[in-house]
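The chain contents come next:
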Protein chains: 2
Amino acid sequence: MSVSPNNATRRRRPTIHDVAREAGVSRGTVSRVLNGGHYVSPAAAEAVNAAIRRTGYVVNRHARSLITGRSGSAAFLLTEPQEKFFEDPNFNVLLRGCTQALATHDIPLLLMIAGTREEQRRITRYISAGHVDGVLLVSSHTGDPVAEALVHAGIPVVMCGQPMGHSTRLAHVAADDRDGARQMVRHLLAAGRRRIGTVTGPLDTPGGVERLAGYREVLADAGLPADDSLVEAGDYSRDGGAAAASALLTRRPDLDALFVASDLMAQGALAVLERAGRRVPADVAVGGFDDSTAAVGSRPALTTIRQPWDRISAEMVRVLLSQIGGEDSSAVILPTELIRRESA
Amino acid sequence: MSVSPNNATRRRRPTIHDVAREAGVSRGTVSRVLNGGHYVSPAAAEAVNAAIRRTGYVVNRHARSLITGRSGSAAFLLTEPQEKFFEDPNFNVLLRGCTQALATHDIPLLLMIAGTREEQRRITRYISAGHVDGVLLVSSHTGDPVAEALVHAGIPVVMCGQPMGHSTRLAHVAADDRDGARQMVRHLLAAGRRRIGTVTGPLDTPGGVERLAGYREVLADAGLPADDSLVEAGDYSRDGGAAAASALLTRRPDLDALFVASDLMAQGALAVLERAGRRVPADVAVGGFDDSTAAVGSRPALTTIRQPWDRISAEMVRVLLSQIGGEDSSAVILPTELIRRESA
DNA sequence: CCGGTGTCTGGGAGCGTTCACAGTAGAGAA
DNA sequence: TTCTCTACTGTGAACGCTCCCAGACACCGG
């Protein structure tokens, strides 16, 4: 029948005060336990931990952030003008990898999408105001203004893929695009193909440039003449891949292999080849890039280059955290791997 | 040569104090302008807005949250035990839609993934502690404990898809699965097919149950006998679809159509049919569900049922916001649409 | 003239933390 | 003994905001 003092305590979320009272120590001691436990006697630490368990205390991040100036969260920022990236299954894998890598550090990930110039301005402003401690930036195109602005505002930023056309040195993690292309073209050569065409990515993206460079290197090494009629640029979309393959096929009907710089474009190319009556791989061998779900879904299944997305995301998070911790920005390049399936 | 007071002011992020001083009013007045501008004279409001522009002031969300108890953010929570969801391109579309719908309200979206039981506990605790104002929950399976726990903790929750096996009434937004299935099966009947098999989704998911129900309804209406040898359960994965189609084909080699409850499973089924020497759609017509990117990528392109993902995400956000605003939870069912392509 | 009502304003209090600092106790060195 | 050093603890003052209340002022009806 008594109005138990517990009632009020139970209703409110327990604060550091409640824990301190429960443990018979001061706020300061509880705070020290919460932040690493230095300069705390074993007895006090144990009492505090027991009190935390008993009260179900969870630190109020807002109060903490208010004083530390840190938010305890990170952003995954996408600055693609088009919807291309969402058509791309790689995005999934990368996002999930980053989310989980950060989760082990108890850092929630905020997903932000800034497609239009207007949105980019708003989000740059938002982030610069200190709402997140760091940014994982996915933006393939040349000279992204968002990256520059964030770095200039002193926000730790890690890019996915090699940055192009930036004045500032940007931390980044990327797969070895050039070597991946080399592996694929070598594979096609080893299978006896000699008239190898390529559908590149957009040439204002590192993937576009580097994979083309790898392709050219291997052909040159093999003593084959450089021939621009075998090269056509795509835009990483299925339709773009189809259009490029179509142009290539018209120009060079004698094509016996095709290295396409993404699996999605390769799907488009496969459809074009089928319509043109070419058998794959008998008449034309096709190699993709990414090893995305699109590669397994195609008929025939695509021979492709696997990008180590799990390692990429893990490294991005590692580099970001070390940058937040005050270290200098760094770059990481990870190896790629040839995956043999039916198309080549 | 003078030590300008501006120096200190410029270095620090401007606070509400700075704005008040700059505008020649008190903190209270600035705060009122920030929160709707009631009980503020036009002159004061204008002075404050000018001061905000001049100082580049951005409200400190942590300070605000500390007192209001609101975080100003929402979570997109995925509680799938397997990686299935990430294989599914629908996820992309839904996530993007929600992010953008919330962005127009200036609410950042936190992406959270709780695959294991352990992660679910941690995230439930995190969210219950008040770190987000509401949750968009994607979880297809029966009786998700996370949903129950969150609702019990008083957190606004909106589910994607119809909840199954829950004691509490849950707000949700879903596509009309049953009617979608009806449309597809009617389409197959209209094309003259009579031995129509189906690969269902898992029967502990609403999509599995409802689409099967729609299939059965139409067959019954057409006077065809119910025949369980034409029904096989899949698991929404490509491999699962292949296995189910394979079983169905062994049991009923006379099959002339197949309604598969997801595009991804339909891809698996197409591969099986091809290997079995069946032509699609000549021998066996195939209908999918989702209208995901997988539908366009298949050979032949899949006839399928489009789920209105853009509307689903917009509605989820609308319902969540109204729930955060104190209104009662509600349910929304949105219509689906038949998309005719080559496979049926 | 009064009192009431409605609009607008300023400033104190407090949200739940961390931080800086002062202070205590005990061990060991001078 | 006394002084110094180290390990530990408690407390007041922020952090930047919103809430609340008191008070000023203008207007209006009686």
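Predicted model, so just to flag it, every value in this text is computed and none were measured.

Turning to the protein's contact with DNA strand D, a few remarks are in order. Inspection of the region around DNA strand D gives 25 residues, with Arg27 and Ser41 of chain A together with Ile16, Arg27 and Tyr57 of chain B positioned closest. Each atom of DNA strand D within 4 Å of the protein was classed as base or backbone; sugar and phosphate made up 60%. Side-chain polar atom of Ser41 of chain A to a phosphate oxygen of DNA strand D: 2.6 Å apart, as the coordinates give it. The side chain of Ser31 of chain B places a nitrogen or oxygen atom 2.9 Å from a phosphate oxygen of DNA strand D. Elements with a contribution of two residues or more to the surface near DNA strand D: helix H3 (27-34) and helix H5 (61-68) of chain A together with helix H3 (27-34) and helix H5 (61-68) of chain B. When residues of the surface near DNA strand D are assigned to their parent elements, the largest contribution, five residues, is made by H5 of chain B. The residue inventory of the surface near DNA strand D, partitioned by class, reads 12 nonpolar, nine polar and four charged.

All names here are of chain B. Viewed as axis vectors pointing N to C, H3 and helix H4 (residues 42-55) meet at an angle of 85°, and their least axial separation amounts to 10 Å. Relative to H4, the element H3 is oriented roughly perpendicular. Between H3, through Thr29, Val30, Val33 and Leu34, and H4, the contact on the second element is made entirely by Ala44, Ala45, Val48, Asn49 and Ile52. Taken together, the residues that form the contact of H3 with H4 break down as seven nonpolar, two polar and no charged.

All right, on to the domain arrangement of chain A then. Under the domain assignment, chain A is made up of domain 1 (6-59), domain 2 (74-175 + 309-334) and domain 3 (177-306). On a C-alpha basis, the centres of domain 1 of chain A and domain 2 of chain A stand 36 Å from each other.

With that settled, consider the confidence of the model for chain A. Reading fine detail from the predicted coordinates is not recommended where pLDDT is low. For chain A, mean pLDDT is 89; residues scoring 70 or higher make up 94% of the total. Taken as a whole, residues 1-10 of chain A scores under 50 in pLDDT and shows zero contacts with residues more than four places along the chain or in a different chain.

Attention now moves to the pairing of strand S6 (residues 196-200) of chain B. Residue and element names in this part refer to chain B. Within S6, five of the five residues are buried, leaving the element largely enclosed by the surrounding structure. Burial along S6 is two-sided: Ile196, Thr198 and Thr200 and Gly197 and Val199, pointing in opposite directions, are all buried. Pairing of S6 with strand S8 (residues 257-260) involves four bridges; the strand directions are parallel. Within S8, the residue paired with Val199 across the bridge is Val260. Here S6 pairs with strand S7 (residues 231-233) via three bridges, running parallel. The residue of S7 that forms the bridge with Val199 is Glu232. Taken together, S6, helix H11 (residues 206-221) and S7 constitute a β-α-β crossover, and its handedness is right-handed.

Analysis parameters
Residues numbered from 1 in each chain as written. Chains lettered and ligands numbered in written order. Predicted model: local features only at pLDDT ≥ 70, side-chain atom pairs only at ≥ 80, totals over all residues. Heavy atoms only, no water. Near = heavy atom within 4 Å. Polar contact = N/O pair within 3.5 Å; in protein donor to acceptor, adjacent residues only side chain to side chain. Helix = DSSP H or I, 4+ residues; strand = E, 2+ residues; numbered from the N terminus. Nonpolar A, V, L, I, M, F, W, Y, C, P; charged D, E, K, R; others polar. Axes fitted to C-alpha atoms, helices over the stretch in contact; angles between N-to-C directions. Parallel < 35°, antiparallel > 145°, perpendicular 65-115°, else oblique. Contact = heavy atoms within 4.5 Å. Domains from an automatic or database assignment. pLDDT = per-residue confidence, 0-100. Buried < 20%, exposed > 50% of the residue type's maximum accessible area, 1.4 Å probe, protein only. Pairing = 2+ DSSP bridges. Right-handed = clockwise from strand over helix to strand, strands pointing away.

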